[in-house]
Amino acid sequence: DPSVRTQAATAVATIEGRFLARAQMLQRKVRERPKSFGRRERLARHYDDYAFTGLLDAERERDNRIRALEGYQEALKVRPRESSLWLAIGRLLVRERRYDAAASWFTVAEARGLLSADMVLWNLEALFKLGRYDKLREAIAEHSHLFQAGGKHPPQVPDVLRLWGASPIRKAPA
């Protein structure tokens, strides 16, 4: 129905117009106070949120993820121990399919005492995608205490971790 397509196109154009206006305003605010953590973080989150709307084609989605990644890295220079930034950067590395970089990123976060349950889940995904199943099981064994039933994570996480954390079945010697 052409009227539905017209309404959808109008809605997308409105969303894009609001995004661009807000992005320009946030960029201006960062230029005014380049050392402001809050301003840098808000700009990065804006690009991150827009990339995740599902409205963009693959190329524009990736461009926004890269802008978000760069913005988070700039904000991290202002507050290097801000765990929410460590999570956001690692998550974006996974979404960019830079699994090796993500796994290394989360290893550094853990060494600095910044690792959170959400970071563990993203790290597990990176390790899985890399085929590093031994490291995956080690990470599950070390961090499964963060995922008890009724926690803030999806309810199936403890069961999935128990499944993956189990020792692999070994064949009996012939």
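Summary of the structure given here.

About the thresholds
Residues numbered from 1 in each chain as written. Predicted model: local features only at pLDDT ≥ 70, side-chain atom pairs only at ≥ 80, totals over all residues. Heavy atoms only, no water. Core = buried A, V, L, I, M, F, W, Y, C linked by side-chain atoms within 4.5 Å. Buried < 20%, exposed > 50% of the residue type's maximum accessible area, 1.4 Å probe, protein only. Helix = DSSP H or I, 4+ residues; strand = E, 2+ residues; numbered from the N terminus. Contact = heavy atoms within 4.5 Å. Salt bridge = Lys/Arg side-chain N within 4 Å of Asp/Glu carboxyl O. Phe/Tyr/Trp six-rings, centres within 6.5 Å; stacked < 30°, edge-to-face > 60°.

## Points about the nonpolar core
The nonpolar side chains of a soluble globular protein tend to be buried, and buried together.
Turning to step 1, where the next piece is worked out: In this structure, Tyr 72, Trp 86, Ile 89, Val 94, Trp 105, Phe 106 and Leu 124 are the most contacted members of the largest nonpolar core, which totals 42 residues.
Turning to step 2, where the next piece is worked out: In terms of residue count, the dominant contributor to this core is helix H4 (residues 83-95) (8 residues).
Turning to step 3, where the next piece is worked out: Ignoring sequence-local partners within four residues, the contact set of Tyr 72 consists of Glu 41, Ala 44, Arg 45, Asp 48, Leu 85, Ala 88, Ile 89, Arg 91 and Leu 92.

## Focus on the pattern of salt bridges
Turning to step 1, where the next piece is worked out: A full pass over the atoms with the stated rule returns 12 salt bridges.
Turning to step 2, where the next piece is worked out: In this structure, Glu 96 engages Arg 65 in a salt bridge whose closest nitrogen and oxygen atoms are separated by 2.7 Å. Here the residue Glu 96 occupies a position in the loop between H4 and helix H5 (99-111), and Arg 65 occupies one in helix H3 (residues 58-78), the gap between them amounting to 31 residues. The pair formed by Glu 96 and Arg 65 is uniform in burial state, with each residue classed as buried.

## Quick notes on the packing of aromatic side chains
Turning to step 1, where the next piece is worked out: The tally for this structure, following the rule as stated, stands at 6 aromatic pairs.
Turning to step 2, where the next piece is worked out: With 5.8 Å between their ring centres and 70° between their planes, Phe 19 and Tyr 47 make a pair best called edge-to-face. Taken together, the positions of Phe 19 in helix H1 (residues 2-32) and Tyr 47 in helix H2 (residues 37-51) put the pair 28 residues apart, joining distant regions of the chain.
Turning to step 3, where the next piece is worked out: With relative accessibility at 9%, the residue Phe 19 sits in the buried group.
Turning to step 4, where the next piece is worked out: A relative accessible area of 4% places Tyr 47 in the buried class.
Turning to step 5, where the next piece is worked out: Note on Phe 128 and Trp 164: the rings are 5.4 Å apart at their centroids and 80° apart in plane angle, and the pair reads as edge-to-face. In this pair, Phe 128 is assigned in helix H6 (residues 117-130) and Trp 164 in helix H8 (residues 157-165), connecting sequence segments 36 residues apart.
Turning to step 6, where the next piece is worked out: Residue Phe 128 is classed as partly exposed on the basis of its relative accessible area of 36%.
Turning to step 7, where the next piece is worked out: Judged by its relative accessible area of 28%, Trp 164 falls in the partly exposed class.
Turning to step 8, where the next piece is worked out: Put simply, the rings of Phe 19, Tyr 47 and Tyr 50 pair up and form one aromatic cluster.

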